[in-house]
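Report on the structure
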Amino acid sequence: MEERNFKIFILKDNEELGKKAAEDAGKILEEYTNKLNKKCICVFAAAPSQDTFLQNLSKNKNIKWKNIYAFHLDEYIDLPKGHPNTFEEYLRTHIFDKVNILKENIFYIKDAGKNEEEMIKNYTKFFVEKYKEVKENGGIYLAFIGIGVNGHIAFNEPDTDLWTDKFMIKITLDDISVKQQYEDYKNHPNPEARYKSLEEVPRNALTMTVSAILLADKIFCMVPGTQKADAVKKVIEGEISEKVPASFLRFHKSINLYLDKNSSSKLNKKPECKI
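As the structure is a prediction and not an experimental result, all values here were calculated from the model.

1. Some words on unusual backbone geometry
Even without a glycine there, the phi angle at Asn37 is positive, about 55 degrees. Assignment of secondary structure puts Asn37 in the loop between helix 1 (14-35) and strand 2 (40-44). We classify Asn37 as partly exposed; its relative accessible area is 47%. If you check the backbone angles, Ala154 has positive phi at about 50 degrees while not being a glycine. Looking at the secondary structure, you find Ala154 in the loop between strand 6 (140-145) and strand 7 (168-172). For Ala154, a relative accessible area of 8% gives the class buried.

2. Some remarks on the pairing of strand 6
Successive residues of a regular strand alternate their side chains across the two faces of the sheet. When you tally the buried positions in strand 6, you get six out of six residues, the bulk of the element. Burial along strand 6 is two-sided: the face carrying Ile140, Leu142 and Phe144 and the face carrying Tyr141, Ala143 and Ile145 are both buried. Two strands pair when backbone bridges link them, and strand 2 and strand 6 are joined in this way by five bridges, in the parallel orientation. The partner of Val43 across the bridge, within strand 6, is Ala143.

3. Here's the deal with the environment of Cys221
By secondary structure assignment, the location of Cys221 is in strand 9 (residues 218-223). Distance from Cys221 to Ile145, taken between C-alpha atoms, is 4.8 Å for residues 76 residues apart in sequence. Setting aside its immediate chain neighbours within four residues, Cys221 contacts Ile145, Gly146, Ile147, Leu249, Ile255, Asn256, Leu257 and Tyr258.

Criteria and cut-off values
- Residues numbered from 1 in each chain as written.
- Predicted model: local features only at pLDDT ≥ 70, side-chain atom pairs only at ≥ 80, totals over all residues.
- Heavy atoms only, no water.
- Helix = DSSP H or I, 4+ residues; strand = E, 2+ residues; numbered from the N terminus.
- Buried < 20%, exposed > 50% of the residue type's maximum accessible area, 1.4 Å probe, protein only.
- Pairing = 2+ DSSP bridges.
- Contact = heavy atoms within 4.5 Å.

Here it is, written out as structure tokens:
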């Protein structure tokens, strides 16, 4: 019999959400990287929903970051390397520049090749090599992800091939994701990162697949904000469907889903017995 452990944590606000998720993830990373001195793979999402989580995780001084291989879930094809809206730049500023991780242990998608075919081939190769090394030596693979307004995970959009056994694929963002990206960056502190219109938002990206995410030993999913409430309801209370890619998380054996009061606001409440 297969057992699945799907835990839902509902916190007061985004700040508390980030603290709790970082505390839980930190305990596992402390155990493996420090106490057991094992290598780990960590795959990171890059989005404002991850800000408080990464801020708190970076403060944990008991994680031995030298034992971590870091990958990221997705990246725009249309943006040049170094653009402030690339996910490489987001992760560099929000986590990697703040911790003592070896530069050679950080794997950026745009560094994996000169074109999208090379990037997919080589990034897959790099991950497989590190995954085998980690697992053969008693380490662990953790995925730190979010859920999009349209229910995507990474950039696996609704009605794309969610059943593929490939590690990485090319996708086109749907209109809801384009709008979400525009909203995410419209108040960015760096003016160069603000899209002037929806037309400026990149449409093409590379993404780790659903099956690559589900390969993780444990998934931490951080989802704050009112704008995510509809997607959260569909993920938890709806059917497992290609129209809601994040619903596939319910196939996983061990996942922690962190919500705040806003993102959980449309979930059904349990009936109360008044006695």
